[in-house]
Amino acid sequence: MSTFKIAVIGDKDSILGFKTLGVTTFSVTNADSALSVLKKVVKEDYAILFITEELAQHLEEPIEEIKKRFLPVVVPIPNNKGTLGIGMAKVKESVEKAIGADILFRKEG
Amino acid sequence: MEIRVNPTRMELNRLKKRLQMALRGHKLLKDKRDELIRQFLLRVRKNKELREQIEKELTEAFAKFLLARAVMSAETLEEALMYPTARLALKVEKQNIMSVYAPRFTWEQEKTTRGEDSSIYPYGFVGTSAELDTSIDTLSGIMPKLLELAELEKSVQLLADEIEKTRRRVNALEYVLIPKMHETVRYITMKLDESERGALTRLMKVKDIVRAKV
């Protein structure tokens, strides 16, 4: 079986640490270059793509597009400034889509 | 509105068969939807917990990393991290959840440097700060969880998609197709009964005329 790679996209300060773990890092500062990296990554054999929420919020459409595919998996992660709650919002979105009502997050308001 | 068909006995038979098929399909799809939702809920609960945990831990790791950056100069830091010792090899398998195919990841860390007892630190300890060590240690501890999260999140997304599709089908059958067919069956039976009654009265009338002539 072929092996796949993992990519991390984000600002330099947030992703530098990931490099030691043997994943490919793309340091990117603005949304435009993030988009071109995203396009490139999708074509190559990357299975998982971690992207900082800061960048993910600008790339909503292409990420939605990738959601429907088998691979790669796009996972928003917080960056060094803390979480923006986008990843959580996506989970919530899935629940609403599937069940029609939000039953997981309701308690917290 | 009923389906436009010729009110004949043959059409009625055909329609009844179709209706039966639709009812069976509806039941099956409903079962599928229920099971999909069960699977979905199992996963999404775990997904939520895992994400909460990871977001917390990652923020911590980043904070440590920031500290390391503050203590060390940017050049030394980059130099230290330039050549990673490990390469993550990811294997992807398909897992089948109610015929929704989601990826399942297995992974191993390949060492790029041979010999030497393998450490996750790609640098010597001289010239780097201890904060860097701890932050990298935390990060590598988070990695397996991140992979699990990726797996879960993808399956949740795919399941949500499939549930939506299935629910739409169930509703289309339940609220559109099946009532339509019921109505059409009623329409045809009524038409047929009517023409039967028509034939009967005609027959009686003819009989009366014939009897009057005799």
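Calculation criteria
- Residues numbered from 1 in each chain as written.
- Chains lettered and ligands numbered in written order.
- Predicted model: local features only at pLDDT ≥ 70, side-chain atom pairs only at ≥ 80, totals over all residues.
- Helix = DSSP H or I, 4+ residues; strand = E, 2+ residues; numbered from the N terminus.
- Buried ≥ 20, exposed ≤ 12 C-beta atoms within 10 Å, placed from the backbone.
- Contact = placed C-beta atoms within 7 Å.
- Core = buried A, V, L, I, M, F, W, Y, C linked by C-beta atoms within 7 Å.
- Pairing = 2+ DSSP bridges.
- Nonpolar A, V, L, I, M, F, W, Y, C, P; charged D, E, K, R; others polar.
- Axes fitted to C-alpha atoms, helices over the stretch in contact; angles between N-to-C directions.
- Parallel < 35°, antiparallel > 145°, perpendicular 65-115°, else oblique.
- Left-handed = near helix turned anticlockwise from the far one by under 90°.
- pLDDT = per-residue confidence, 0-100.
- Expected span 1.5 Å × (residues − 1).
- Arc of directions from axis to C-beta.

Turning to the overall build of chain B, a few remarks are in order. Counting secondary structure elements, chain B contains three helices and two strands. For chain B, the sequential pattern of α-helices and β-strands runs α-α-β-β-α. Here chain B, with 214 residues, has 26% of them falling under the buried criterion. A fraction of 83% describes how many contacts in chain B between residues 6 or more apart in sequence connect residues 24 or more apart.

The helix and strand inventory of chain A stands at five helices and four strands. Reading chain A from its N terminus to its C terminus gives the helix and strand order β-α-β-α-β-α-α-β-α. Expressed along its principal axes, the backbone C-alpha trace of chain A runs to roughly 40 × 35 × 25 Å. Looking at the 109 residues of chain A, the share that counts as buried comes to 43%. Counting contacts in chain A only where the partners sit at least 6 residues apart, residues at least 24 apart contribute 60% of the total.

We now examine the nonpolar core. Among the nonpolar cores identified, the biggest contains 60 residues, and A:Ile48 and A:Leu49 are the most heavily contacted of them. It is helix 3 (residues 130-213) of chain B that provides the largest number of residues to this core, a total of 15 residues. A:Leu49 has contacts with A:Ala7, A:Ile9, A:Val41, A:Pro72, A:Val73 and A:Val74, leaving out every residue within four places of it along the chain.

Before going further, it helps to examine the environment of A:Lys5. One can find A:Lys5 in strand 1 (residues 3-10). When the C-alpha atoms of A:Lys5 and A:Gly22 are compared, they prove to be 9.1 Å apart, with 17 residues separating the residues in sequence. Ignoring sequence-local partners within four residues, the contact set of A:Lys5 consists of A:Thr24, A:Asp45, A:Tyr46 and B:Leu90.

All names here are of chain A. Across the eight residues that make up strand 1, a large majority, six, are buried. The pairing of strand 1 with strand 3 (residues 46-52) spans five bridges and is parallel. Residue pairing for strand 3: Val8 is matched across the bridge by Phe50.

Moving on, we come to the interface of chain B and chain A. Residue-level contacts link 48 residues of chain B with 38 residues of chain A. Residue assignment for the side of chain B that touches chain A shows that the elements contributing at least two residues are helix 1 (9-71), strand 1 (86-97), strand 2 (100-111) and helix 3 of chain B. Take the side of chain B that touches chain A: its biggest share by element is 18 residues, from helix 3 of chain B. For the side of chain B that touches chain A, the class distribution of residues is 31 nonpolar, six polar and eleven charged.

Residue and element names in this part refer to chain B. With phi around 50 degrees, Met98 is a residue other than glycine that occupies positive phi space. Residue placement: Met98 occurs in the loop between strand 1 and strand 2. The phi angle at Ser99 is positive, at roughly 55 degrees, despite the residue not being glycine. Note on placement: Ser99 falls in the loop between strand 1 and strand 2.

At a minimum axis distance of 8 Å, the contact between helix 5 (residues 86-99) of chain A and helix 3 of chain B shows a crossing angle of 20 degrees. As far as their axial angle goes, helix 3 of chain B and helix 5 of chain A are roughly parallel. Crossing handedness for the pair helix 5 of chain A and helix 3 of chain B: left-handed. Together, A:Val91, A:Ser94, A:Lys97 and A:Ala98 of helix 5 of chain A and B:Val156, B:Gln157, B:Leu159, B:Ala160, B:Ile163 and B:Glu164 of helix 3 of chain B make up the contact between the two elements. Broken down by class, the residue content of the contact of helix 5 of chain A with helix 3 of chain B amounts to six nonpolar, two polar and two charged.

Attention now goes to the environment of B:Glu11. Counting through the fold element by element, B:Glu11 comes out in helix 1. Each residue touching B:Glu11, except ones within four places of it in the same chain, is listed here: B:Val5, B:Asn6 and B:Ile188.

What follows concerns the packing of helix 1 of chain B against helix 3 of chain B. All names here are of chain B. Look at helix 1 against helix 3: their axes get within 3 Å of each other, and the N-to-C directions meet at 160 degrees. Classed by the angle they form, the pair helix 1 and helix 3 counts as roughly antiparallel. When the residues that make up the contact of helix 1 with helix 3 are grouped by side-chain class, the tally is 36 nonpolar, eleven polar and 21 charged.

It is worth spelling out the confidence of the model for chain B at this point. A residue-level look at chain B finds 87% of positions with pLDDT of 70 or above and a mean pLDDT of 84. Across the predicted assembly, pTM comes out at 0.81 and ipTM at 0.84.

Here the focus is helix 2 (residues 31-43) of chain A. Residue and element names in this part refer to chain A. For helix 2, which comprises 13 residues, the first-to-last C-alpha distance of 19 Å matches the rise-based estimate of 18 Å (1.5 Å per residue) to within 8%. Ala34, Leu38 and Val41 are the residues of helix 2 that are buried. Buried residues of helix 2 fall within an arc of 70 degrees about the axis and therefore sit on the same side. The outward face of helix 2, more than 90 degrees from its buried face, is lined by the exposed residues Asp32, Ser36, Lys39, Lys40 and Lys43.

Another point: the environment of A:Thr52. Among the secondary structure elements, A:Thr52 is positioned in strand 3. Remark: the alpha-carbon pair of A:Thr52 and A:Gly85, spanning 33 residues in sequence, is separated by 11 Å.

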